[in-house]
Amino acid sequence: MQIHEYYIKRCLQIAKNGLGTTRPNPMVGALIVHNNKIIGEGFTSEYGGPHAEVNAINAVKDKSLLKYSTIYVLLEPCSHFGKTPPCSDLIIKHGIPNVIIGCVDDNPEVAGKGIAKLKAHGCNVIVGVLEKECKAHLKRFFTFHNKKRPYVILKWAQSQDGFIAPLHKNDRKPVWITNIYSRQLVHKWRAEEQSILVGTKTVVDDNPSLTVRDYEGQNPVRIVLDLNNKLNDNYRIFDTSAKTIKLINKELSINEPLASQICRKLYQGNINSVIVEGGAKTLQTFIDEDLWDEARLFIGKTEFREGLKAPKFKGRLVSEQHINDDCLKIYRND
């Protein structure tokens, strides 16, 4: 089993190359081993392109070796036609005898069917190698299919004394709490997730673009709450640089919790991850409904003494790091 774990760890490394481009597909890594030597590697292409298994097989120069090889893959090979043909069929076609899988695919269209097909065609299949690590890596994918909602990341910055905005902004829009390095990291995060969400007050107060500018990557889909139809098209969030979805009052019920409805709308739109970036009321709504997975909290060196209080929440601190004079704390909701 140790040798299997070694190769699955390599699959995890390869898979990260697809972060921010495969969405809403999972970012998977695969490799092919012959006589203890890796002869092909691949990761999931940009959405609509080949899956990891296809790219790994295509990377093998001598295809005759495939009949004597083992393929390692993080997630169960698909067995259905989507944007691309089934990966399980390709493995069978090339006669790869051994298939080592990190974890089962919970997508109802697969859910063990790929494994069953491989076994029916004589493949020796082992499932569950570094399963915990694989599921953690595929957290967006599993949250989407198992909880029927996107993976929710809360993000905000607060002053040393616990405010996310001063009492008076005057003409400053926005008022920066963090340094330029922290802000660049936030742009990196935007490139990694499928969507980003803010409330009406954040748009009015800060007029944000919510695009990726200080980092290379795709813009997320912008989600804006405009329950009272206060926002006109002159705000930056409605420009043509990225897709924007506006959620208005007639699309949501006053008789249901708001965050739950938002998550349902995003799930129906095939959006598997969202950064909730403000404001305080919107963030607190997700916290109060217990609809969040990670909270990424920046604490700057500034003190406001009075202003808008930061959200209140409870979570498990999993990491803490200093970015110059900023402190970044990441929490998980267990």
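Cut-offs used in this document
Residues numbered from 1 in each chain as written. Predicted model: local features only at pLDDT ≥ 70, side-chain atom pairs only at ≥ 80, totals over all residues. Heavy atoms only, no water. Pairing = 2+ DSSP bridges. Helix = DSSP H or I, 4+ residues; strand = E, 2+ residues; numbered from the N terminus. Axes fitted to C-alpha atoms, helices over the stretch in contact; angles between N-to-C directions. Contact = heavy atoms within 4.5 Å. Buried < 20%, exposed > 50% of the residue type's maximum accessible area, 1.4 Å probe, protein only. Right-handed = clockwise from strand over helix to strand, strands pointing away.

### Brief notes about the sheet that holds strand β12 (residues 294-299)
Right, on to step 1. Ordered in space as β10-β9-β8-β11-β6-β12-β15-β14, the 8 strands form an open sheet in which the pairing is mixed. Strand pairing shows two members of the sheet lacking a second neighbour, β10 (244-248) and β14 (316-323), which therefore form its edges. On average, each strand axis in the sheet is tilted by 20° relative to the strand beside it, whichever way the strands run.
Right, on to step 2. Looking at chain direction, strand β6 (residues 151-158) and β12 are connected through 6 bridges and run parallel. When the sheet's bridge partners are listed, K155 is paired in β12 with R296.
Right, on to step 3. Across the sheet, helix α7 (residues 180-192) lies against β6, β8 (195-198), β11 (273-278), β12, β14 and β15 (326-332), angled at about 160° from β12, the strand it touches most.

### Concerning the pairing of strand β9 (residues 221-226)
Right, on to step 1. Burial analysis of β9 places 6 of its 6 residues in the buried class, which makes it a mostly covered element.
Right, on to step 2. Burial along β9 is two-sided: V221, I223 and L225 and R222, V224 and D226, pointing in opposite directions, are all buried.
Right, on to step 3. The pairing of β8 with β9 spans 4 bridges and is parallel. Across the sheet, the residue bridging to S195 is V221, located in β9.
Right, on to step 4. Note that the unit made of β8, helix α8 (residues 200-206) and β9 has a crossover that is right-handed.
Right, on to step 5. Inspection of the sheet shows β9 paired to β10 by 5 bridges, in the parallel sense. Its bridge partner lying in β10, V224 is registered against K246.

### Some details on the sheet that holds strand β1 (residues 29-34)
Right, on to step 1. Here we have 5 strands laid out as an open sheet, ordered β2-β1-β3-β4-β5, and mixed in their pairing. Strands with a single pairing partner mark the edges of an open sheet, and in this sheet they are β2 (37-43) and β5 (124-127). Mean inter-strand twist for the sheet, computed between neighbouring axes without regard to direction, equals 15°.
Right, on to step 2. In this structure, β1 lies alongside β2, joined through 6 bridges in antiparallel fashion. Within β2, the position partnered with A30 by the bridge is G42.

### Re helix α9 (residues 258-268)
Right, on to step 1. A259, Q261, I262, C263 and L266 are the residues of α9 that are buried.
Right, on to step 2. Looking at the buried positions of α9, the neighbouring elements they touch are β6, β8, β9, β10, β11 and α10 (280-288).
Right, on to step 3. After α9 finishes, the residue N270 shows a positive phi value of roughly 60°.

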